[in-house]
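Structural description and commentary
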Amino acid sequence: MKAISLIVLVLLSALVLVSGLASVTEDVELKQCRDLCRDQKQFDEKQQHVCIQRCEDYAREKKEWGGRGESAETDPERRVRECKHQCEQHKRYGEQEREVCRSQCEKEFREGGGRGKKYYYDVEEEGEEQEVFGEGGEREENPYVFRDEHFLKKAESQHGRVDVLQRFTERSELLKGIENFRIGFLEADPQTFISPAHFDADGVLFVAQGRGTFTMIRENRGRTTTSSRSEIKRHSFNIETGDVIRVHAGTPVYVVNKHESQKLVIIKFIRPVNTPGAFEAFHGPGGDNPESFFRAFSPELLEAAFKVDRESLQRIFQQKEGTIIKASQEQIRALTHGEEGGGIWPFGGESSGPFNLFHRRPTHKNNYGQLFEADPNEFEQLDDLDLMVSFANITRGGMAGPFYNSKATKIAYVVDGEGYFEMACPHVSSTRKQGRRGQSTGSSRGSRQGTTYGQVKSRLKRGTVFVVPAGHPVATVASTNNNLQVVCFEVNARDNFKFQLAGKNNVMSKMESQALELGFGVPAREVEQIFRNQNEEFFFPGPEMQRQRRRGHSAV
């Protein structure tokens, strides 16, 4: 569990460095760490045990590091250096883990006021760690799953935050096919304003929660004129849960959360247009926070451009409250009077307002789930991105799949609920044998020849991102406690087809009896009994639901 190890390392570093006493011993530090674990009221007995065990592990390993810092009490900068030194010396960390560790050092000792008293725990429950199993059952690093620690903070204030997932190729070269895409997350408190900005990236936004007003400044395409001069116009749309919004690169946008009690949550698919995998926000309105790009120009140039004096210019760049700002009710009303769009602006022609995914007929629907889809073959604005946007609502205890995409790679974000997914992956097995991730070659093991498959499996919870490459069979299962809701951005989606591997429309049921018999090496009737037994399609009762049903039948 790398997350536990990382957090406890920073915790121990804080205890050592803030002590400031040469006489502090390893036993005292270890006792303090154990006590902090026990003081976490949200931990159950198992979680406390895991936390304490990690304290003991790192206390032993720290002796090898030669931990220093006895005189660092009065020097926050030295605390940061010492903490980062321990990150670099940790023999179990790769570069990604070291970078997260270094960020935690900055947070604890510099951003935390130099006191080092903010301790963060993230002890995961048993079975919740990311798991990849090779041929022999060995656990390997999972390159297909991303959690909270893989998100980078792009903006944060007391009223909300904007996070962006790290580049996919920082996790693994296996994800090179989607290296130019990023995933973002915006959360804004009620009655707030998200400051205007444009981006050097195309974007598709999905409203996961809340209601608001979304405004874009764009070319007025609907107006014909004899002049060659382009005109721009403000377009505002009311948005709600389920809305999908396309934003072209360079388009100035701003958002209002007009709800009085509910947060606004938006998931963003991002395709940079300048540097592959990298993009920036450009804020015009601003000051120190967010910084206005106007301040990069010389005063004399701005005086000439705006035809005003320097003193007037200096007065307007005063914003210090951040990107997400609290707004008054009067300001909210003034900002939400524009053109209404949420759900009533269909795609097609010149229209570029939002549409609501939930207002469409589900592609698949039964007692075990619903799937809503919008693909580039149908919606013009998704066509140039070659992107499908879909939303799966899997009933608690139910599951989706197994199935696979013919062409599309799925980037999935868990909006709500919990569960897990399983995927068959040839790269997991080949990694173990070849020693290099991403090389897949045939091999033999006894009488087995050709490609072998490892099981990729991971727990899912709100905020988890997971990737399913094209051709990889996958199934997603909701817990028995609540529904699992997942929004998916599927790239290379044009003419993609979902081949189902179970249910009444599965691939195997369409093959001739002779093909099944020759392929499986058993009589065809035995294979057909398996693949033609399930009457549902796409969504099915999950493993636990099936077990409960069997127990009920046995009792009768």
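Not measured: the values here are computed from a predicted model.

Before going further, it helps to examine the side chain of Ser292. Topologically, Ser292 is positioned in the loop between strand 14 (281-282) and helix 7 (299-306). For Ser292, the side chain forms a polar contact with the main-chain nitrogen of Phe294, separated by 3.2 Å. Setting aside anything within four residues of it in sequence, one finds Ser292 in contact with His283, Gly284, Gly286, Gly287 and Phe317.

So, about the pattern of salt bridges. Tallied over the entire structure, the rule returns 25 salt bridges. Across the pair Arg161 and Asp163 runs a salt bridge whose closest N-O atoms are separated by 2.2 Å. The buried category is assigned to Asp163, whose relative accessible area is 5%. Its salt-bridge partner being Lys176, residue Glu179 comes within 3.7 Å of it at the nearest N-O pair. Counted as one network, the salt bridges with shared partners bring together Lys153, Glu156, Arg161, Asp163, Glu187, Asp189 and Lys263.

Regular strands place their side chains on alternate faces of the sheet. In this sheet, strand 10 (residues 232-240) lies alongside strand 9 (residues 211-219) in antiparallel orientation, the contact comprising nine bridges. Within the sheet, the bridge partner assigned to Met216 lies in strand 10 and is His235.

Right, let's talk about the nonpolar core for a bit. Within soluble globular proteins, side chains that are nonpolar tend to cluster in buried spots. By size, the foremost hydrophobic cluster in this structure holds 61 residues, and its most contacted members are Phe168 and Phe489. When residues in this core are grouped by element, the largest group, six residues, is from strand 28 (residues 484-491). With near-sequence residues (within four places) excluded, Phe168 lies in contact with Phe146, Leu175, Ile178, Phe181, Arg182, Ile183, Ile411 and Val467. Within the second largest apolar cluster, 18 residues are counted, among which are Val162, Phe214, Leu264 and Ile324.

Next up on the list: the pairing of strand 13 (residues 264-272). With eight of its nine residues buried, strand 13 lies for the most part within the structure. One ladder, built from seven bridges, connects strand 6 (residues 182-188) with strand 13; its direction is antiparallel. Bridging across to strand 13, Ile183 finds its partner in Phe269. The pairing of strand 8 (residues 201-209) with strand 13 spans eight bridges and is antiparallel. Of the residues in strand 13, the one forming a bridge with Asp202 is Arg271.

Attention now goes to the sheet that holds strand 6. In spatial order, the strands read 4-5-6-13-8-11-16; together these seven strands make up an open sheet with antiparallel pairing. In this open sheet, the two strands that pair with only one neighbour each are strand 4 (151-157) and strand 16 (355-356). Taken together, the two bridges between strand 11 (residues 243-247) and strand 16 define a ladder with antiparallel strand orientation. Residue Val244 lies in a different strand from strand 16, and its bridge partner there is Phe355.

The final tally for this structure, using the stated rule, is 19 aromatic pairs. Here the aromatic rings of Phe293 and Phe294 are separated by 4.7 Å at their centres, their planes lie at 40°, and the arrangement is tilted. What makes Phe293 partly exposed here is its relative accessible area of 29%. Aromatic side chains Phe520 and Phe531 sit 5.8 Å apart centroid to centroid with 40° between the ring planes, which places their arrangement in the tilted category.

On to the sheet that holds strand 17 (residues 364-366), then. Pairing within the open sheet is antiparallel, and its seven strands lie in the order 3-26-21-28-19-18-17. Each having just a single partner strand, strand 3 (145-146) and strand 17 make up the two edges of the open sheet. Both strand 19 (residues 387-394) and strand 28 contribute to a ladder of eight bridges, which runs antiparallel. Each bridged residue has a counterpart across the sheet, and for Ala392 the counterpart in strand 28 is Val486.

The rules behind the values
- Here the residue numbering is sequential within each chain, running from 1 through the sequence in written order.
- Confidence filtering applies because this is a predicted model: local features only for residues at pLDDT of at least 70, side-chain atom pairs given and counted only at 80 or more, and all residues used for totals across whole chains, interfaces and linings.
- Only heavy atoms go into the side-chain values, all of them from the structure, while hydrogens and water stay out.
- Helix and strand assignments come from DSSP, with helices taken as H or I runs of at least 4 residues and strands as E runs of at least 2, each series counted from the N terminus.
- Side-chain atoms alone can form a polar contact between residues adjacent in sequence; in general such a contact is a pair of N or O atoms within 3.5 Å, and within protein one must be able to donate a hydrogen while the other accepts it.
- By definition, residues are in contact when any of their heavy atoms lie within 4.5 Å.
- Here, a salt bridge means any Lys or Arg side-chain nitrogen found within 4 Å of an Asp or Glu carboxyl oxygen.
- In this scheme, a residue with accessible area under 20% of its type's maximum is buried, one over 50% is exposed, and one in between is partly exposed, where area comes from a 1.4 Å probe on protein chains only.
- Pairing between strands is defined by DSSP: at least two bridges between them are needed.
- We define a nonpolar core as any set of buried Ala, Val, Leu, Ile, Met, Phe, Trp, Tyr and Cys residues linked to one another through side-chain atoms lying within 4.5 Å.
- Any two rings among Phe, Tyr and Trp, with Trp reduced to its six-membered ring, count as a pair given centres within 6.5 Å; such a pair is stacked if its planes are under 30 degrees apart, edge-to-face if over 60, and tilted if neither.

Remember, this is a structural readout, not a statement about activity or role.
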